[in-house]
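Close look at the chain arrangement
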Amino acid sequence: MTEPRKRSSPMTPDDRRAMIVAAALPLVVEHGSSVTTAQIARAAGIGEGTIFRVFADKDALLAACMAEALRHDDTLAHVRAIDLDQPLADRLIEAVETLRAYMSRMGAVAGAVRHLTTGRLDPTAAPVRDRRRDAMTATVDALAVLFEPEQDRLRRDPEYLARMFQHLVMAGGDPADIVEVFLHGALSGDAA
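Presented here is an overview of the structure given in this document. (Residues numbered from 1 in each chain as written. Predicted model: local features only at pLDDT ≥ 70, side-chain atom pairs only at ≥ 80, totals over all residues. Heavy atoms only, no water.)

Considerations on the overall build of the chain
- When its secondary structure is counted, the chain shows 10 helices and 0 strands.
- Along the chain, helices and strands appear, N-terminal first, in the series α-α-α-α-α-α-α-α-α-α.
- Burial status across the chain gives 32% buried among its 192 residues.
- Sequence separation of at least 24 residues holds for 66% of the intrachain contacts in the chain that already meet a minimum separation of 6.
- By element, 52% of the accessible surface of the chain is carried by carbon and sulfur atoms, the whole surface being about 12000 Å². (Helix = DSSP H or I, 4+ residues; strand = E, 2+ residues; numbered from the N terminus. Buried < 20%, exposed > 50% of the residue type's maximum accessible area, 1.4 Å probe, protein only. Contact = heavy atoms within 4.5 Å. Areas by Shrake-Rupley, 256 points an atom, 1.4 Å probe, with all protein chains shown as cover.)

Quick look at the structure:
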């Protein structure tokens, strides 16, 4: 005797929207704004018409992708999850790699949807300057925790170091090199 098939609960509109955006993001990064809704539908495993029941048009979907790419909460959760038992240099390299992946994704999506007007992205969102300031503050808070196990050996408080480190991360370069220069300075041991 076979068991009756269980019905899966229907997706809420918010769930469906999130699923479509998640399927679309890598395609937007790869193809830019030339990605088709047919490609997105195939990636999401849905019919193309379903996209237009959730989004008014392709630009609205691209705007939702940009809003998702700008979200930093998942990235900061990864930074906060870095094992504090590792050596400080390893923690910081992992943080650089995590933050760089976020910046790369955000930049790729922003480049793909640059034709959209800022107002279209999310009319209810805080102004860009406020969102940027809040994101920077939250990032400094997450990075400061990485310095705390060495608190008794630090020349400055963890928040100050996190702020400085954040600027180096944004400047670019190899993660290991950034951490090396940050922790040990620009001069070699015999040149000091």
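So, next bit.
Structural notes on the pattern of salt bridges
- This model, assessed by the stated rule, comprises 5 salt bridges.
- E68 serves as the salt-bridge partner of R71, at 2.7 Å between the closest nitrogen and oxygen.
- Overall, the relative accessible area of 38% leaves R71 in the partly exposed class.
- The class of E68 is partly exposed, set by a relative accessible area of 29%. (Salt bridge = Lys/Arg side-chain N within 4 Å of Asp/Glu carboxyl O.)

Looking at the packing of helix α9 (residues 158–171) against helix α10 (residues 175–184)
- Between α9 and α10, the shortest axis-to-axis distance is 10 Å and the interhelical angle comes to 145°. Once α9 is placed against α10, the crossing between them reads as right-handed. Of the residues in α10, those touching α9 at L161, M164, F165, L168 and V169 are I178, V179 and F182. (Axes fitted to C-alpha atoms, helices over the stretch in contact; angles between N-to-C directions. Left-handed = near helix turned anticlockwise from the far one by under 90°.)

Let's talk about the environment of D59
- The residue D59 is located in helix α4 (residues 58–70) in this model.
- Sequence-wise, D59 and S33 are 26 residues apart; in three dimensions their C-alpha atoms are separated by 8.7 Å.

With respect to helix α2 (residues 37–44)
- The set of residues buried in α2 consists of T37, I40, A41 and A44. Axial view of α2: buried residues confined to an arc of 100°, hence all on one face.
- Elements that come into contact with the buried residues of α2 comprise α1 (13–31), α3 (48–54) and α4.
- G45, located one to two residues past α2, shows a positive phi value of around 70°. (Arc of directions from axis to C-beta.)

Observations concerning the packing of aromatic side chains
- Considering all chains together, one arrives at 3 aromatic pairs under this definition.
- Look at F165 and F182: their rings are 5.1 Å apart centre to centre, the planes differ by 65°, and that puts the pair in the edge-to-face class. Here F165, found in helix α9, pairs with F182, found in helix α10; they are 17 residues apart in sequence, far enough to count as distant.
- We classify F182 as buried; its relative accessible area is 18%.
- One aromatic cluster is present, built from ring pairs that chain together F147, F165 and F182.
- Lying across the ring of Y160, R156 places its NZ or CZ 4.7 Å from the centre. (Phe/Tyr/Trp six-rings, centres within 6.5 Å; stacked < 30°, edge-to-face > 60°. Lys NZ or Arg CZ within 6 Å of the ring centre and 35° of its normal.)

Focus on the nonpolar core
- Among the nonpolar cores identified, the biggest contains 24 residues, and V28, I40, I51, F55, L61 and C65 are the most heavily contacted of them.
- The set of elements that each furnish at least two residues to this core consists of α1, α2, α4 and α6 (88–112).
- The next biggest cluster of nonpolar side chains, apart from the first, holds 22 residues, and it includes V140, F147, A162 and F182. (Core = buried A, V, L, I, M, F, W, Y, C linked by side-chain atoms within 4.5 Å.)

Focus on the packing of α6 against α9
- Where α6 meets α9, the closest approach of the two axes is 10 Å, and the angle between their N-to-C directions is 55°. Relative to α9, α6 is oriented oblique. Pair α6 / α9 crosses with right-handed handedness. Contacts between α6 and α9 involve L92, V96, L99, R100 and M103 from the first element and F165, L168, V169 and M170 from the second.
- Among the residues forming the contact of α6 with α9, the class breakdown is 8 nonpolar, no polar and 1 charged. (Parallel < 35°, antiparallel > 145°, perpendicular 65-115°, else oblique. Nonpolar A, V, L, I, M, F, W, Y, C, P; charged D, E, K, R; others polar.)

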